Amino acid sequence: MQTDRLTSRITAILKGYEAEEAFFTEHKRIFPRRSAVYGLIAEIRALLFPGYFDDESAAGQSTEILVVERLSRIERVLCEQIERSLRFKDWSLTQEVAHLQAHAITQEFLDELPRIQDLILKDAEAAFQGDPAALSREEVILTYPGVFAILVHRISHELYVRNVPLIPRLMSEYAHSRTGIDINPGATIGEYFFIDHGTGVVIGETTQIGHHAKIYQGVTLGATSTRQGQLLSGTKRHPTLGDYVTVYSNASVLGGDTVIGSGSVIGGSAFVCESVPPNARVGVKDQEIVIRQIGQPEPVWCYEI
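Residues numbered from 1 in each chain as written. Predicted model: local features only at pLDDT ≥ 70, side-chain atom pairs only at ≥ 80, totals over all residues. Heavy atoms only, no water.

Engineer: Which residues make up the nonpolar core, and what values go with them?
Structural biologist: If you look at the biggest cluster of nonpolar residues, it comprises 44 residues, and the most contacted ones within it are Ile82, Phe109, Val140, Leu159 and Met171. If you list the elements that add at least two residues to this core, you get helix 2 (34–48), helix 3 (64–89), helix 4 (95–130), helix 5 (137–143), helix 6 (145–160) and helix 7 (167–179). For Met171, the residues in contact, after removing those within four places along its chain, are Val37, Ile41, Val152, Ile155, Ser156 and Leu159. One finds Phe193, Val201, Ala251 and Ile260 within the second-largest nonpolar core, a separate group that totals 26 residues. (Core = buried A, V, L, I, M, F, W, Y, C linked by side-chain atoms within 4.5 Å. Buried < 20%, exposed > 50% of the residue type's maximum accessible area, 1.4 Å probe, protein only. Helix = DSSP H or I, 4+ residues; strand = E, 2+ residues; numbered from the N terminus. Contact = heavy atoms within 4.5 Å.)

Engineer: Describe the sheet that holds strand 6 (residues 214–216), naming the residues involved and giving the relevant values.
Structural biologist: In space, the five strands of this open sheet follow the order 3-6-9-12-14, with parallel pairing throughout. Each having just a single partner strand, strand 3 (194–196) and strand 14 (281–282) make up the two edges of the open sheet. Sheet topology places strand 6 next to strand 9 (residues 246–247); two bridges connect them, and they run parallel. Looking at strand 9, one finds that Lys214 is bridged to Thr246. (Pairing = 2+ DSSP bridges.)

Engineer: Give a detailed account of the packing of helix 4 against helix 6, specifying residues and quantitative values.
Structural biologist: Between two packed helices, the angle of one axis relative to the other and the distance separating the axes together describe the packing. Axis separation between helix 4 and helix 6 bottoms out at 10 Å; the angle between their running directions is 155 degrees. It follows that helix 4 is roughly antiparallel to helix 6 by the angle criterion. Between helix 4 and helix 6 lies a crossing of right-handed hand. For the pair helix 4 and helix 6, contact is made by Phe109, Glu112, Arg115, Ile116, Leu119, Ile120, Asp123, Ala124 and Ala127 and by Val147, Ile150, Leu151, Arg154, Ile155, Glu158 and Leu159, respectively. Residues that form the contact of helix 4 with helix 6 fall into these classes: 11 nonpolar, no polar and five charged. (Axes fitted to C-alpha atoms, helices over the stretch in contact; angles between N-to-C directions. Parallel < 35°, antiparallel > 145°, perpendicular 65-115°, else oblique. Left-handed = near helix turned anticlockwise from the far one by under 90°. Nonpolar A, V, L, I, M, F, W, Y, C, P; charged D, E, K, R; others polar.)

Engineer: Describe in detail the confidence of the model for the protein chain, supporting the description with residues and values.
Structural biologist: Of the residues in the protein chain, 87% have a pLDDT of 70 or more, and the chain-wide mean is 90. Below pLDDT 50 for its whole length, residues 299–305 participates in 19 contacts with residues either more than four positions away or in separate chains. (pLDDT = per-residue confidence, 0-100.)

Engineer: Residues and numbers for empty space enclosed by the protein, please.
Structural biologist: Here the structure, examined in full by the defined rule, presents one cavity of 30 Å³ or more. In this structure, the largest cavity encloses a volume near 40 Å³. Together, Ala149, Val152, His153, Ser156, Ser172, Ala175, Ile181 and Ile183 line the largest cavity. For the lining of the largest cavity, the secondary-structure elements that each account for two or more residues are helix 6 and helix 7. When its residues are assigned to classes, the lining of the largest cavity shows five nonpolar, three polar and no charged. (1 Å grid on protein atoms, 1.4 Å probe; cavity = no way out; pocket = protein on both sides within 12 Å on 5 of 7 lines; lining within 4 Å. Points joined across faces, edges and corners; volume = space filled by probe spheres on them.)

Engineer: Any details on the pattern of salt bridges? Residues and values, ideally.
Structural biologist: Following the criterion strictly, the structure yields 14 salt bridges and no others. For Arg70, the salt bridge identified is with Glu43, shortest N-O distance 3.7 Å. Note that Arg70 is positioned in helix 3 and Glu43 in helix 2, a separation of 27 residues in sequence. For Arg70, a relative accessible area of 3% gives the class buried. (Salt bridge = Lys/Arg side-chain N within 4 Å of Asp/Glu carboxyl O.)

Engineer: Could you give an account of the layout of surface pockets, naming the residues involved and the relevant values?
Structural biologist: A volume near 690 Å³ is recorded for the largest pocket. Around the largest pocket, the lining comprises 27 residues; the ones closest to its centre are Tyr160, Arg169, Asn184, Glu205 and Arg237. Counting only elements with at least two residues in the lining of the largest pocket, the list comes to helix 7, strand 4 (202–203) and strand 7 (220–222). Among the elements that line the lining of the largest pocket, the one with the most residues is strand 7, at three residues. Grouping the constituent residues of the lining of the largest pocket by class yields 11 nonpolar, 11 polar and five charged.

Below, the structure written as structure tokens:
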């Protein structure tokens, strides 16, 4: 009896694998390996910041041999995972053709590493200069979740713009799970970007952010509606922020046509669905805070924000 029940379960599960809706059809069985993708993030971070995240070299120093070894590991693993991603997207690709395409993309990515390093150093500097609680730049690099999330984004974005399937999103969701910061790899972000505290931040795929922007925890840079689903794919759905824009905690800036002018400040808890001119201040009107002491029926102090 138990054997019959087990056989029935196995048969039902195997039948489910045949359903297109389950994404287990034959041509979709090659995926990049999550563990390898996560390992790539660690390797790239260790390459860009030697000694900070490993014990192979002193902080801020690295020998040429270590750089060569790390680059070789990154090249080998990244090429293999990109090849798997390309074959996931297009099963008609032969392994040889997929390998050649993956190799070309990998070489382009490796050429971008010095520029990525420069961007991340600028992001770390923005965090240090923008947070009076930061005691050193080393502390910022080692401990700030916003810097880690932006680092992963800088890496994933380079793969995204080269149309690499799956891997950029695996990277961004890894950072999301680690930090609570959700940055779609498609977002375009300028230099000296600072996310303070970070938890609950959402930055959508078609968001564009200028230089020296700063956002706080709980900020959403999102779309106004996703009811049309895949029909909106490829369209500008998320806002544009100019240079030196600050968005305070729990504010939402929504819509592909929404442009926040350079130098503007969006106040906490604001809900913005239309463009804002440069150097503007956006706040919440008629929201009153009332404080009462125990035993006193009337408010003793209130103000508007």
